[in-house]
Amino acid sequence: MGAVLEDIRKRPFIFNGFCALVLLLPLAWTSSKAAVKRLGFPVWQRLHRLVYVVAVLAALHFYQRVKVDHTQPLLYAAIVLAGFGIRLFAWRLKNRSRSARAS
Ligand code: HEM
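Parameters and conventions
- Residues numbered from 1 in each chain as written.
- Predicted model: local features only at pLDDT ≥ 70, side-chain atom pairs only at ≥ 80, totals over all residues.
- Heavy atoms only, no water.
- Patch = residues over 30% accessible without salt bridge, like charges linked within 9 Å, V, L, I, M, F, W, Y side chains within 5 Å.
- Areas by Shrake-Rupley, 256 points an atom, 1.4 Å probe, with all protein chains shown as cover.
- Salt bridge = Lys/Arg side-chain N within 4 Å of Asp/Glu carboxyl O.
- Helix = DSSP H or I, 4+ residues; strand = E, 2+ residues; numbered from the N terminus.
- Buried < 20%, exposed > 50% of the residue type's maximum accessible area, 1.4 Å probe, protein only.
- Donors = N, O, S within 2.8 Å, 3.2 Å for Na, K, Ca; no water.
- Near = heavy atom within 4 Å.
- Polar contact = N/O pair within 3.5 Å; in protein donor to acceptor, adjacent residues only side chain to side chain.
- Contact = heavy atoms within 4.5 Å.
- Lys, Arg positive; Asp, Glu negative; His and termini not counted.
- Charge placed at Lys NZ, Arg CZ, Asp CG, Glu CD.

*Asks:* I'd like a rundown of a nonpolar patch on the surface, residues and numbers included.
*Replies:* Together, Met1, Val4 and Leu5 make up an exposed nonpolar region whose accessible area comes to about 330 Å². Take Met1: it is sitting in the segment before α1 (2-10). Take Met1: its relative accessible area is 72%, and that puts it in the exposed class.

Structural data, given as structure tokens:
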């Protein structure tokens, strides 16, 4: 455990990777249909939004790891951002049609 902590102190990219891994644990534990039922969908969905944080941490972890040519980590980060953009667009469309139905 001491060696792991020392590694985290010396190499910040390890810290981000470790945080991403820790945040993935509750998602892995609650990925069954039974877990969705137990938690109820709204709570489950809120919890699973942690995946957005994990995606940012993982992209950062990769970026910090690479020392010379950042093309590949930047490409990964762009894919993550594009995914966020698509989600945001879908969310806005859903909200717009919901408020149009309400008025
Ligand atoms: C305790 C947790 C973690 C540790 C100690 C760790 C450590 C490392 C190390 C040492 C590398 C460099 C490997 C190499 O250059 O050959 C690496 C690369 C990478 N890690 Fe992690 N990692 C952790 C968690 C994660 C998680 C949770 C993700 C994704 C969700 C992730 C994504 C990546 C990616 C995309 C790379 C680049 C792979 C490549 O160079 O092709 N890591 N990690």
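*Asks:* Explain the coordination of the iron atom of the ligand to me, using residue names and the numbers behind them.
*Replies:* Of all protein atoms, just one serves as a donor to the iron atom of the ligand, and that atom is His61 (NE2), at 2.1 Å. Assignment of secondary structure puts His61 in helix α5 (residues 50-65).

*Asks:* Can you lay out the site of the ligand for me, pointing to particular residues and giving the numbers?
*Replies:* Near the ligand, the surroundings consist of Phe13, Ile14, Gly17, Phe18, Ala20, Leu21, Ala58, His61, Phe62 and Arg65. A distance of 2.8 Å is found between a nitrogen atom of the ligand and a side-chain nitrogen or oxygen belonging to His61. Tallying contributions element by element places helix α2 (residues 12-29) first for the shell around the ligand, with six residues.

*Asks:* Describe the side chain of Asn16, and please don't skip the residues or the numbers.
*Replies:* Along the chain, the position of Asn16 falls in helix α2. In this structure Asn16 touches Leu57, Leu60, His61 and Gln64, once residues within four positions along its chain are discounted.

*Asks:* I'd like to hear about a positive patch on the surface, residue by residue, with values.
*Replies:* On the surface, a cluster of positive charge is made up of Arg46, Arg49, Arg87, Lys94, Arg98 and Arg101. Looking at the positive patch, the element that brings in the most residues is helix α6 (residues 71-102), giving four residues. Structurally, the position occupied by Arg87 is in helix α6.

Geometry only, nothing functional implied.
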